[in-house]
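# Descriptive structure summary
Chain by chain, the residues run as shown.
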Amino acid sequence: MTDFAQPTLVPSVETDQLAVDTLRFLAADMVEAAQSGHPGMPMGAAPMAWTLWSRHLRHDPGDPEWADRDRFVLSAGHGSALLYGLLHLFGYDLPVEELRRFRQLGSRTPGHPEFGETPGVECTTGPLGQGLAMAVGMALAERMTAARYPEVTAHRTYAIVGDGCLMEGVSHEVASFAGHLGLGRLIVLWDDNEITIDGAVGRSCGDDQVGRFAAYGWHTEVVPDGTDIEAIDAALTRAKDDPRPSFLAVRTVIGHGAPGIAGTPKAHGSPLGAQRLAQAKELAGWTLPSFAVPAPVRATCAALAAIGGAEHTSWLEEFATFDALAPERAAQFRRAGARLLPADLLTALEGVAAQAPRATRQASQACLRAALSTMPELVGGSADLAGSTGTECGEVVHREDFTAGAIAFGIREFGMAAVLNGMSLHGGFRVFGSTFLVFADYLRPALRLSALMRQPVIYVLTHDSIAVGEDGPTHQPVEHVESLRVIPGLQVLRPADDAETALAWELALTRVDGPTALILSRQAMPRLDRPRGDAAVDLSQVYGAGESADRESVVDAARESSAAGASSRRVEIVATGSEVALAVGVAEHLEADGHVVRVISALDRSRFVADPSAHTISVEAGSTAGWAGLVDLAIGIDEFGHSGPGDEVMARHGFTVHAVLDRIREYLDGAP
């Protein structure tokens, strides 16, 4: 598919200036009305944003989800008033009433852009640097889409970043990654205003930003005057012609036109004040009332939006031709875009069980390969640990060939997760990324945004406990599973064997409204698909799965037994992952003691509800903090591990059958 030409309508010099002033004062009016917000960035960056949107950006305000639209990311999300002004001017469903409600509860103009809250907002930004990272993910998804569906793919990704975005470490990770892959349809504009909240950038950072992006393999340019629309336009045109990703440094003045504070930190994050705002408007010759849009600007934006709509119509015609010539590929494009699963996926996952004990990371690898056989849109990789995490999945994409599905992210955990968010937001792919569980700390800010944006990113986190062993406490997660469980909207699954690992992948892939963390073992684990000895192993107790209703009948029976005066104690042991097999061994001894014991594998702890008629005990090789209030006794680890063979470290911390049995017997002896 050939590129569309840039819009044929070029606004006049007078209209350009009117539009820039409109954006500046809409932003200032929003902040003033809210008495909260950031006017400085929008006032300084308005010319570059207008140039991009009026001369280069391909989009259709009538359909913000058009698959082949250009993506625009405002990484400096504190400047959200600039983005809302653009969306309003170009006819997105964002009326002036919403601008007047800027930063108010329930409005479509929240303080920082939020995906899903405002039409035309491509991603949630505000945590600095992550917008740039998600733009890199979108650009990678575009290249992979173009490799698979070149007939219907011709879009670009643009981002505006600030000084803070470039200081954050994730910017280094993803800029290096983008340069390595040669993501040539990515163009980043830097709002180079030399100011941070605390003062001049030079107080804390002396980086040669243009030089470092050049070193990463990017095309770079400097626009010395951020009000020169022709110069910005020319730089964007050259960037589009360059095969490398592009970094355009545009020198701006924060709070441009605000008397007394322009170019200073005072313009960053506070309303201008009624008097100063009136003075700024007077200096600009602006006589219209607050939130007004001049007729020439309104007409020009409507005409530009119509051009975008016409390009969308042309694309639909090209897609119809594509559909007629390649119906199977077109159907696959639509299915992947709608996040619908292939009919044979569950059958493929059901065939992964092994007879011999193996680690759940190995079972996960079998599940991944089975899913890949039916889902070509399932793509991802690891932070340089594919062999260890079981995520090797074929050929790796590279700058000369993006047809593969595996991605070598390098040792960039935060960058990996943020790029995955961008790929998921782009659409057309289901994505996964992997590392050791202990390194989830490095990617947590992006995982949090996965949950906030309700993106179905799958995190494969292996080496899940002190059983990691010889690598020692630096590599042995203790608090990590619990720390993940407290993230709203994150599904945390810790399977106990092959069958549960397959179910965990099924739950992750069928979920389309949020991320999933798969917590997997390094060490081998036995199959637990049938009762062992006299202990009842309830592996159907995966809450939210089809057989959870059985639990109610068990509880009712227990209550009846208690009411009838039964003398035996009822004991419920709830465990996860590798500790389920341990709990089974403990249960056999408790049964011999005369207790009625039930073992529950809590694949998803968030769905666990204790049996009120039983003594409930948790066994998990991690922090006990989250079990408080859920169980009567929590057996876990609330200290760091030690270096040594995994089984010896587990024994040192009391994770043997006899040590756990002693803890439970002691508890039962003192329990009423």
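Summary of the structure given here. (Residues numbered from 1 in each chain as written. Predicted model: local features only at pLDDT ≥ 70, side-chain atom pairs only at ≥ 80, totals over all residues. Heavy atoms only, no water.)

## Side note on the side chain of T300
Note on placement: T300 falls in helix 11 (residues 295-325). Within polar-contact distance, the side chain of T300 engages the backbone oxygen of P296 at 2.8 Å. Other than its neighbours up to four places away in sequence, T300 contacts L9, P11, T15 and W50. (Helix = DSSP H or I, 4+ residues; strand = E, 2+ residues; numbered from the N terminus. Polar contact = N/O pair within 3.5 Å; in protein donor to acceptor, adjacent residues only side chain to side chain. Contact = heavy atoms within 4.5 Å.)

## Brief notes about the sheet that holds strand 6 (residues 219-223)
Here five strands make up an open sheet; going across it, the order is 1-2-3-7-6 and the pairing parallel. In the strand order of this sheet, the two ends are held by strand 1 (71-74) and strand 6, each with one partner. For this sheet the average axis-to-axis angle between neighbouring strands, irrespective of direction, equals 15 degrees. Of the pairings in the sheet, the one linking strand 2 (residues 157-161) to strand 3 (residues 186-192) comprises five bridges and is parallel in character. Each residue of the ladder has a partner; that of T157, found in strand 3, is L186. (Pairing = 2+ DSSP bridges. Axes fitted to C-alpha atoms, helices over the stretch in contact; angles between N-to-C directions.)

## A look at the sheet that holds strand 12 (residues 491-493)
In spatial order, the strands read 9-8-10-11-13-12; together these six strands make up an open sheet with parallel pairing. Looking at the sheet topology across the chains shown, the edges are occupied by strand 9 (406-408) and strand 12. Here the strands of the sheet are splayed against their neighbours by 20 degrees on average, with no regard to which way each runs. As judged from the five bridges shared by strand 10 (residues 430-436) and strand 11 (residues 458-462), these two strands associate in the parallel manner. For T435, the partnering residue across the bridge sits in strand 11 and is L461.

## What about the packing of helix 1 (residues 13-34) against helix 11?
Angle between the axes and distance between the axes are the two parameters that describe a pair of packed helices. Where helix 1 contacts helix 11, the axes come no closer than 9 Å and their chain directions differ by 100 degrees. Our classification of the angle between helix 1 and helix 11 gives roughly perpendicular. Contacts between helix 1 and helix 11 involve T15, L18, A19 and T22 on the former and, on the latter, P296, V297 and T300. Taken together, the residues that form the contact of helix 1 with helix 11 break down as four nonpolar, three polar and no charged. (Parallel < 35°, antiparallel > 145°, perpendicular 65-115°, else oblique. Nonpolar A, V, L, I, M, F, W, Y, C, P; charged D, E, K, R; others polar.)

## A closer look at the pattern of salt bridges
Under the defined criterion, the tally for this structure stands at 30 salt bridges. Between R238 and E221 there is a salt bridge, and its shortest N-O distance comes to 2.8 Å. Taken as a pair, R238 in helix 9 (residues 229-241) and E221 in strand 6 lie far apart in primary sequence, 17 residues in all. What emerges from the salt-bridge pattern is a single network uniting R58, D68, D70 and E311. (Salt bridge = Lys/Arg side-chain N within 4 Å of Asp/Glu carboxyl O.)

## Considerations on the environment of V397
Mapped onto the elements of the fold, V397 is located in the loop between helix 15 (386-389) and strand 9. The class for V397 is buried, based on a relative accessible area of 5%. Residues V397 and T516, spaced 119 residues apart in sequence, show a C-alpha to C-alpha distance of 24 Å. Those residues in contact with V397, other than ones at most four positions away along the chain, are M144, L181, F402, A404, A406 and I407. (Buried < 20%, exposed > 50% of the residue type's maximum accessible area, 1.4 Å probe, protein only.)

## Thoughts on the environment of L9
As for its placement among the helices and strands, L9 is situated in the segment before helix 1. In this structure, the C-alpha to C-alpha distance between L9 and I307, residues 298 residues apart in sequence, is 8.5 Å. Here L9 is in contact with S54, T300, A303, L304 and I307, once residues within four sequence places are set aside.

## Brief notes about the packing of aromatic side chains
Throughout the structure, instances matching the rule amount to 20 aromatic pairs. Judged by centre distance (6.1 Å) and plane angle (70 degrees), the rings of Y84 and F102 are edge-to-face. Pair noted here: Y84 is in helix 3 (residues 80-89) and F102 is in the loop between helix 4 (96-100) and helix 5 (130-148), with a separation of 18 residues, a long-range link. Relative accessible area serves as the criterion here: at 0%, Y84 is assigned to the buried category. Between F436 and F439, the ring centres sit 6.0 Å apart and the planes meet at 15 degrees, which makes this aromatic pair stacked. Here F436 and F439 have matching classes, each one buried. In this structure an aromatic cluster arises from ring pairing among W66, Y149, W315, F319, F322 and F333. Above the face of the W627 ring, R605 is positioned so that its terminal group lies 4.7 Å from the ring centre. (Phe/Tyr/Trp six-rings, centres within 6.5 Å; stacked < 30°, edge-to-face > 60°. Lys NZ or Arg CZ within 6 Å of the ring centre and 35° of its normal.)

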